[in-house]
Amino acid sequence: MTDASVAVGSTVSQHPAAADDFLPVQKLRERQDERLRATVRLACERVDLYRQRFAVAGVRSDQIQTPEDLVRIPFVTKDDLRAAYPQGMFAVPLDQVARLHASSGTTGRQVLVPYTAADLAVWTAAMIRCLVMFGVRPSDVIQNAYGYGLFTGGLGFHDGAAALRATVIPVSGGNTERQIVVARDFGSTVLCCTPSFFLHLADRADEMGIDLRGLRLRIGVFGAEPWSEGLRGRIEQAAAIEAFDIYGLAEIVGPGVAAECPAHSGLHVLEDLFYPEIIDPASGQRLPDGQVGELVLTTLCKEAMPMLRYRTGDVTAICTEPCPCGRTLRRIRRVSHRSDDLFIVRGVNVYPSQIEAALLEVKETLPHYQIVLSQRDGQEHAEVQIEVGPEMFSDRISVLQSLQDRLTRAIRQGIGVHVDVRLVEPRSIARSEGKAQRIVTAGTHAP
Ligand code: DLL
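What counts, and where the lines are drawn
- Residues numbered from 1 in each chain as written.
- Predicted model: local features only at pLDDT ≥ 70, side-chain atom pairs only at ≥ 80, totals over all residues.
- Heavy atoms only, no water.
- Helix = DSSP H or I, 4+ residues; strand = E, 2+ residues; numbered from the N terminus.
- Rg over C-alpha atoms; globule rule 2.2 N^0.38 Å.
- Buried < 20%, exposed > 50% of the residue type's maximum accessible area, 1.4 Å probe, protein only.
- Salt bridge = Lys/Arg side-chain N within 4 Å of Asp/Glu carboxyl O.
- Arc of directions from axis to C-beta.
- Contact = heavy atoms within 4.5 Å.
- Core = buried A, V, L, I, M, F, W, Y, C linked by side-chain atoms within 4.5 Å.
- Axes fitted to C-alpha atoms, helices over the stretch in contact; angles between N-to-C directions.
- Parallel < 35°, antiparallel > 145°, perpendicular 65-115°, else oblique.
- Nonpolar A, V, L, I, M, F, W, Y, C, P; charged D, E, K, R; others polar.
- Domains from an automatic or database assignment.
- Buried area = accessible area lost by both parts, 1.4 Å probe.
- Polar contact = N/O pair within 3.5 Å; in protein donor to acceptor, adjacent residues only side chain to side chain.

*Asks:* Would you take a moment to explain the overall build of the protein for this structure?
*Replies:* Within the protein one finds 12 helices and 20 strands. On C-alpha atoms alone, the protein measures out to a radius of gyration of 22 Å, which is about the 22 Å that the 2.2 N^0.38 rule sets for 447 residues. Reported as C-alpha extents along the three principal axes, the dimensions of the protein are approximately 70 × 55 × 40 Å. The buried share of the protein, reckoned over its 447 residues, is 54%.

*Asks:* Sorry if this is basic, but what is going on with the pattern of salt bridges here?
*Replies:* For side chains bearing opposite charge, pairing can occur when the charged atoms are close. Applying the stated criterion across every chain yields a total of 31 salt bridges. Here R334 makes a salt bridge to E229, at a shortest N to O gap of 2.9 Å. Of this pair, R334 sits in the loop between β13 (331–332) and β14 (337–338) while E229 sits in helix α9 (residues 229–239), placing them 105 residues apart in sequence. Take E229: its relative accessible area is 44%, and that puts it in the partly exposed class. A single network of salt bridges, built from pairs that share partners, joins D21, R35, R129, D272 and R327.

*Asks:* What's the story with α9 in this structure? I'm lost.
*Replies:* Working note: α-helix, 3.6 residues per turn, so residues spaced by three or four point in the same direction. Every buried residue of α9 is accounted for by L231, R232, I235 and A239. Taken end-on, α9 shows its buried residues confined to a sector of 105 degrees, consistent with a single buried face. The inward-facing, buried residues of α9 contact α8 (195–208), β6 (219–223), β7 (242–249), β8 (254–260) and α10 (352–359).

*Asks:* Which parts of the structure should I look at to understand the nonpolar core?
*Replies:* Nonpolar side chains in soluble globular proteins tend to be buried together. Residues Y50, M89, F134 and Y247 are the most contacted members of the largest nonpolar core, which totals 75 residues. Looking at which element gives the most residues to this core, the answer is helix α5 (residues 117–134), with 10 residues. Setting aside residues up to four positions removed in sequence, M89 forms contacts with V47, L49, Y50, V76, L81, A84, A304, M305 and M307. I411, V417, V419 and I439 belong to the second largest nonpolar core, which has 26 residues in total.

*Asks:* How should the environment of R31 be read in this particular structure?
*Replies:* As for its position among the elements, R31 is in helix α2 (residues 25–46). Counting along the chain gives 242 residues from R31 to L273, while the straight-line C-alpha distance between them is 9.2 Å. Not counting chain neighbours up to four residues away, the residues in contact with R31 comprise D20, L23 and D272.

*Asks:* Sorry, what's going on with the packing of α2 against helix α3 (residues 48–57) here?
*Replies:* In a packed pair of helices, the relevant descriptors are the angle between the two axes and the axis-to-axis distance. Viewed as axis vectors pointing N to C, α2 and α3 meet at an angle of 100 degrees, and their least axial separation amounts to 5 Å. As judged from the angle between their axes, α2 and α3 are roughly perpendicular. Contact residues: V40, A43, C44, E45 and R46 in α2; D48, Y50, R51 and F54 in α3. Here the residues of the contact of α2 with α3 sort into 5 nonpolar, no polar and 4 charged.

*Asks:* What exactly am I supposed to notice about the domain arrangement of the protein here?
*Replies:* By convention, interface size is frequently given as the accessible area that disappears when the constituent parts associate. Examined at the domain level, the protein breaks down into domain 1 (3–26 + 115–339) and domain 2 (342–441). A separation of 28 Å is found between the C-alpha centroids of domain 1 and domain 2. Contact with domain 1, which involves 22 residues of that partner, is made by 19 residues of domain 2. Contact with domain 2 buries area across many residues of domain 1, yet H200, D203 and R234 alone supply 30% of it, more than any other trio. Where domain 1 packs against domain 2, one counts 2 salt bridges. Applying the counting rule to domain 1 against domain 2 returns 9 residue pairs in polar contact (both at pLDDT 80 or more). Elements that contribute at least two residues to the side of domain 1 that touches domain 2 include exactly α8, α9 and β14. A per-element tally of the side of domain 1 that touches domain 2 places α8 first, with 6 residues. The class makeup of the residues in the side of domain 1 that touches domain 2 is 6 nonpolar, 11 polar and 5 charged.

So, in structure tokens, the structure goes:
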């Protein structure tokens with residue numbers, strides 16, 4: 001990060017849509033209180049689950065006046081949403097629903113998410129604010145390589161970019177070669193996609209003899225899955241762009257819940273729209289700012305499906321320092337993993353992001369990796385499979401052995417325990433066109 005980039009950030013944040021990012025704290029609190037009261041009232045009037053939960057907890061809706069009072073009410077979980085499938089959580093009749101989306105279903109059955117026209121307008125305004133935060137301007141050409149469809153990435157970015165009056169290329173996810181040709185021939189200046197798809201794209205561009213650094217791209221907007229600080233460095237280098245993190249989830253709105261400003265030190269939560277809390281995932285106790293735990297979100301403006309204390313499963317912390325960009329919105333640290341996205345090696349909990357960070361310490365490998373879980377002797381066994389580039393693979397066995405040793409050491413240093421590492425052939429790990437699947441389960445191995 002440079003001082004200049006912060007200066008650029010504050011210049012573009014003159015955009016009228018960005019004013020809500022800079023509200024005086026007192027005004028922000030008043031807005032949150034007012035919106036929270038209206039949301040709680042609506043939820044309890046219209047949604048059985050909230051009515052029942054409040055009754056069991058012995059709380060009346062008018063007792064929830066400020067976000068501090070939220071601790072009195074129970075959480076909502078993904079299981080609750082699944083149990084209410086398809087429309088049990090809707091707070092409006094279907095004829096007032098303007099659009100339906102769904103969560104990705106990475107951890108089970110999809111959850112249906114309705115939006116009224118007003119919800120869509122709020123979402124679009126949130127996306128404009130995020131794009132402005134990244135320094136995107138109406139003169140930009142935005143290549144939107146998030147999937148269009150039930151997934152919120154495609155249309156979320158599309159509506160925000162169109163409302164910003166930028167030029168949108170609705171290329172959607174996948175079709176890697178076409179993406180590269182589009183970026184080159186259409187003169188894209190902003191690329192939006194998952195970080196794992198970008199890696200795939202960078203590899204392919206290399207094979208096609210196209211240098212992404214020579215294109216007009218200047219900004220990349222990456223989210224929808226965890227990615228590490230180390231990966232940011234690789235991405236920025238591969239395409240000579242500034243890479244920004246954006247966070248969101250369908251149950252709350254889609255992309256646009258939180259985003260990075262040019263200071264790159266955490267993601268500002270649009271907390272006049274989505275109220276964040278961090279809890280201890282085991283006890284459910286709210287944790288003070290600065291402590292790591294599970295992110296819980298409450299929507300403050302949603303009509304069609306208000307969410308009160310939704311447990312995201314995502315692990316982060318609220319940053320305590322003010323941000324140099326001047327935004328009054330609190331920040332969360334980048335989401336490194338989901339609380340259920342772990343595997344266990346010799347009793348130690350390990351997350352894929354820790355493996356990725358360790359791999360990035362070793363220069364020769366691209367972070368194309370997968371963690372393969374299997375049963376051996378009745379115990380869960382984990383093996384990290386890492387792809388090596390074609391030039392390395394054709395090399396001598398001793399070179400490969402030395403690479404494997406260095407990777408094994410880097411991982412051991414990173415996570416504190418030994419994990420089996422296996423180098424695999426170029427292109428043998430399935431490429432992601434959207435969210436990467438880092439952990440896979442193999443068939444049962446004979447002991
Ligand atoms: O992934 C929405 C989105 C689209 C966000 C495009 C950003 C860009 P879902 O499909 O419902 O929605 O998946 C939500 O993805 O709970 C996190 O576990 C993960 N996730 C989303 N953004 C990030 C991020 C979209 N920036 C789930 N870093 C969330 C880490 C992320 N994880």
